[in-house]
Amino acid sequence: MKGEQKGREGKVCAERKEAVEMKRRERAVLYLEKAYDRVPREELWYCMRKSGVAEKYVRVVQDMYERSRTVVRCAVGQTEEFNVEVGLHQGSALSPFLFAIVLDQLSEEVRQESPWTIMFADDIVICSESREQVEENLERWRFALERRGMKVSRIQSNGECGKGKEASAGRPGLTTTAIGAVDLQGTGGNWATVGRRSRGGRRVHRQREKRKGESVGLRIGTLNVGTMTGKGRELADMMERRKVDILCVQETRWKGSKARSIGAGFKLFYYGVDSKRNGVGVVLKEEFVRNVLEVKRVSDRVMSLKLEIEGVMLNVVSGYAPQVGCELEEKERFWSELDEVMESIPTGERVVIGADFNGHVGEENTGDEEVMGKFGVKERNLEGQMVVDFAKRMDMAVVNTYFQKREEHRVTYKSGGRRTQVDYILCRRGNLKEISDCKVVVGESVARQHRMVVCRMTLMVCKTKRSKIEKKTKWWKLKKEECCEEFRQKLRQALGGQVVLPDDWETTAEVIRETGRKVLGVSSGRRKEDKETWWWNEEVQGGIQRKRLAKKKWDMDRTEENRQEYKELQRRVKR
């Protein structure tokens, strides 16, 4: 009996000790703003399927939310009915269960086990052993939630359990999103707004500078250029103006498998078999050229690049599908090659596909919500169905269709009276949260019929320092007889006239290197200027600017006079 009593007392003491330790830990509470009203419907269907909910029940919930309409009651009466396309139904007994499913899936990557993370509906308690860890976890939660449509309204901080002060205490109406607008001061829950007090402002600024290394923003695009002949420097100028870092290009019509600088620090990796048709490539900004680990040139319709960006593996695939009139065998060969490329990429690496698929996925996504949105163009055709089937096989998402834009910023192909969507950007379904925007760029004249599609992607990475460029000794000068003879004489003098080298190799090697630096010289360590773009002067730039304005004018008013003006300026620019 005494042993059992001592065991119970020991257990009680351990629980009290753990409770005391928890009091000493830092904690913060996140409050979501209009949590039910901000749930995206597409995310709801995706989270239900990922949680294992049967498809028939998903369809039932979709029927409940389809074509839902409401009115707003005001002082002068009621407004007209309007569609509700986002959020959960207020007052429904099913809504809390659906919200729990969504929040459980959205927080899967950042959620920790209890008691470090405790969720009460739309209120989230985060505990850590230090204030720095709390701030880091808050930022991770804010990023994970706001990328998927939710919003953090305010935070309550506690240095000790039971003695918390709200972030807006003493200042009614103050709201914040994690660390972005307000900063914690000490463990007592005191807050300082940015700019109100110099100390707090500097502290927030330093934290923002520190967090810059935690993510890398990329602008990735795709464009069918028609031909790369005579367009290299113009394409580089467009990418520089539009701040595009990586661009997949199709129909380059260049023969060979090479990498060529096109000016302004951009480099094109391309592959083609025939100089009259097909050909694909990827254009990289100068700072990413050194990050290329592997180039796979599968065919003149499919190629891929693997880059390492701050420790994150990013695979960029450029594709050019056969046109509608091509044989079925050629189309099947293209999709087979694309499947092989995707299967060779590990599941943990990021993938972005920029391609001209020559198909219309359409604006109707019923039954395909997990791989595409509803912001396509017109109706789906057979080639578009192949794109959707490929996305389902590889768990990809058609990025273009998830962002609501005007039709002018969704159309990627214009020819005569035809206005369609055939160029697409795809990424893994799990990485769709890293895409913050995607649209068609209007007003450029690099390609006659196609328009560039650009998406903005944010990679969460750990910043690593890059090594400096090392200055190299110009050993290649030893091929010249006079330089070789001078080097021999200087080396003999440095070694004291000895014919046989001494046994200490480290000393001898250092003498040889030092003599080589003095006699042969060293490189500057800078990059060489682009030799192929010497003709890029003010006259050429002005001509291309006039051609771009003429193309924009012709797009707005399709008259024969505007067309002839654009054609004439295009001929002048080529000359």
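The rules behind these values
- Residues numbered from 1 in each chain as written.
- Predicted model: local features only at pLDDT ≥ 70, side-chain atom pairs only at ≥ 80, totals over all residues.
- Heavy atoms only, no water.
- UniProt positions renumbered as here; feature names shortened; annotations may be inferred.
- Disulfide = S-S within 2.5 Å.
- Buried < 20%, exposed > 50% of the residue type's maximum accessible area, 1.4 Å probe, protein only.
- Helix = DSSP H or I, 4+ residues; strand = E, 2+ residues; numbered from the N terminus.
- Contact = heavy atoms within 4.5 Å.
- Salt bridge = Lys/Arg side-chain N within 4 Å of Asp/Glu carboxyl O.
- Phe/Tyr/Trp six-rings, centres within 6.5 Å; stacked < 30°, edge-to-face > 60°.
- Pairing = 2+ DSSP bridges.
- Axes fitted to C-alpha atoms, helices over the stretch in contact; angles between N-to-C directions.
- Parallel < 35°, antiparallel > 145°, perpendicular 65-115°, else oblique.
- Left-handed = near helix turned anticlockwise from the far one by under 90°.
- Nonpolar A, V, L, I, M, F, W, Y, C, P; charged D, E, K, R; others polar.
- Arc of directions from axis to C-beta.

Taking an unreviewed UniProt entry as the reference, the protein is identified by name as ribonuclease H belonging to Hemibagrus guttatus. Its UniProt record gives the protein a comment under Sequence similarities (unreviewed entry), which states: "Belongs to the beta type-B retroviral polymerase family. HERV class-II K(HML-2) pol subfamily."

Looking at this model, I keep getting lost on the state of the cysteines. Mind explaining?
Each disulfide is one covalent bond, formed between the sulfur atoms of two cysteines. Within the structure shown, the criterion is met by zero disulfides. Looking at the unpaired Cys 427, the closest cysteine sulfur is the one in Cys 455, lying at 7.5 Å. Among the residues examined, Cys 427 registers a relative accessible area of 1% and is labelled buried.

What am I meant to see in the environment of Tyr 65 here?
Within the secondary structure layout, Tyr 65 lies in helix α3 (residues 55-65). Residues Tyr 65 and Arg 41 lie 24 residues apart in sequence; the distance between their C-alpha atoms is 8.6 Å. Setting aside chain neighbours within four positions, we find Tyr 65 in contact with Arg 41, Trp 45, Gly 87, Leu 88, His 89, Ser 95 and Leu 98.

So what exactly am I meant to see when it comes to the pattern of salt bridges here?
Where charged atoms of side chains with opposite charge meet at close range, the side chains can pair. On inspection of all chains with the given rule, the structure shows 32 salt bridges. We note a salt bridge from Asp 437 to Lys 405, for which the minimum N-O separation is 2.8 Å. You can see Asp 437 sitting in strand β25 (residues 435-440) and its partner Lys 405 sitting in the loop between β21 (396-398) and β22 (413-415), a full 32 residues away along the chain. You can call Asp 437 buried: its relative accessible area is 16%. Taking the relative accessible area as the measure of exposure, Lys 405 reaches 25% and is therefore partly exposed. In this structure, Asp 555 and Arg 558 form a salt bridge, with 3.3 Å as the shortest nitrogen-oxygen distance. Residue Asp 555 is classed as buried on the basis of its relative accessible area, which comes to 16%. Take Arg 558: its relative accessible area is 35%, and that puts it in the partly exposed class. Within the structure, one salt-bridge network assembled from shared partners comprises Arg 49, Glu 55, Arg 59, Glu 369 and Glu 370.

What am I meant to see in the packing of aromatic side chains here?
Geometry of an aromatic ring pair is reported as the spacing of the ring centres plus the angle between the planes. Within this structure, the stated rule accounts for nine aromatic pairs. Here the aromatic rings of Trp 254 and Tyr 270 are separated by 5.3 Å at their centres, their planes lie at 75°, and the arrangement is edge-to-face. Here Tyr 270 lies in strand β15 (residues 266-272) and Trp 254 lies in the loop between β13 (246-250) and β14 (256-263), a separation of 16 residues in the sequence. Of the two residues, Trp 254 and Tyr 270, both sit in the buried class. The interplanar angle of 65° and the centroid separation of 6.4 Å between the aromatic rings of Phe 334 and Phe 357 together place this pair among those described as edge-to-face. Taken together, the residues span a long stretch of sequence, with Phe 334 in helix α9 (residues 328-343) and Phe 357 in the loop between β20 (350-356) and α10 (382-394) at a distance of 23 residues.

Would you take a moment to explain the sheet that holds β15 for this structure?
Within a sheet, each strand pairs with its neighbour through backbone hydrogen bonds, oriented either parallel or antiparallel. The strand order β14-β15-β16-β13-β12-β26-β25 describes an open sheet built from seven strands, whose pairing is mixed. Two strands close off the open sheet at either side, each with one partner strand: β14 and β25. When strand polarity is set aside, the average angle formed by the axes of neighbouring strands in this sheet is 20°. Where β15 and strand β16 (residues 280-284) come together, five bridges link them in antiparallel fashion. Within the sheet, the bridge partner assigned to Tyr 271 lies in β16 and is Val 280. Taken strand by strand, helix α7 (residues 232-242) contacts β12 (215-224), β13, β14, β15 and β16, and its axis lies near 60° from that of β14.

Even after reading the chapter, I still don't get unusual backbone geometry, so can you show me in this structure?
The phi torsion at Lys 243 lies on the positive side, around 55°, for a residue other than glycine. Take Lys 243: it is sitting in the loop between α7 and β13. The exposure class of Lys 243 is exposed, given its relative accessible area of 62%. Of note, the phi angle at Asn 358 is positive, near 50°, even though the residue is not glycine. Summarising the element assignment, Asn 358 is placed in the loop between β20 and α10. In this structure Asn 358 comes out as buried when scored by relative accessible area, which is 16%.

Before we go on, may I ask you to explain the sheet that holds strand β17 (residues 292-297) in this structure?
Here we have six strands laid out as an open sheet, ordered β17-β18-β19-β20-β24-β21, and mixed in their pairing. For this open sheet the edge positions go to β17 and β21, each flanked by a neighbour on one side alone. On average, each strand axis in the sheet is inclined to that of its neighbour by 20°, with strand direction left out of account.

Help me understand the packing of helix α13 (residues 538-556) against helix α14 (residues 560-574), please; the structure alone is not making it clear to me.
Pairs of packed helices are described in terms of their axes, by the angle between the two and the distance that separates them. At a minimum axis separation of 9 Å, α13 and α14 run at an interaxial angle of 160°. When the interaxial angle is binned, α13 and α14 end up roughly antiparallel. In the packing of α13 onto α14, the handedness of the crossing is left-handed. Listed contacts from α14 to Gly 543, Ile 544, Arg 546, Lys 547, Ala 550, Lys 551, Lys 553 and Trp 554 of α13 are Asn 562, Arg 563, Glu 565, Tyr 566, Leu 569, Gln 570 and Val 573. Its residues assigned to classes, the contact of α13 with α14 comprises six nonpolar, three polar and six charged.

What is the right way to look at α3 in this model?
Quick reminder: α-helices carry 3.6 residues per turn. Residues three or four places apart thus point the same way. Of the positions making up α3, those classed as buried are Val 58, Val 61, Gln 62 and Tyr 65. The arc that holds every buried residue of α3, seen down its axis, measures 105°, which confines them to one face. Looking at α3, the residues exposed on the side facing more than 90 degrees away from the buried face are Lys 56 and Asp 63. Here the buried face of α3 lies against α2 (41-50) and α4 (95-106). Where α3 terminates, the next one or two residues include Arg 67, which has phi positive at roughly 55°.

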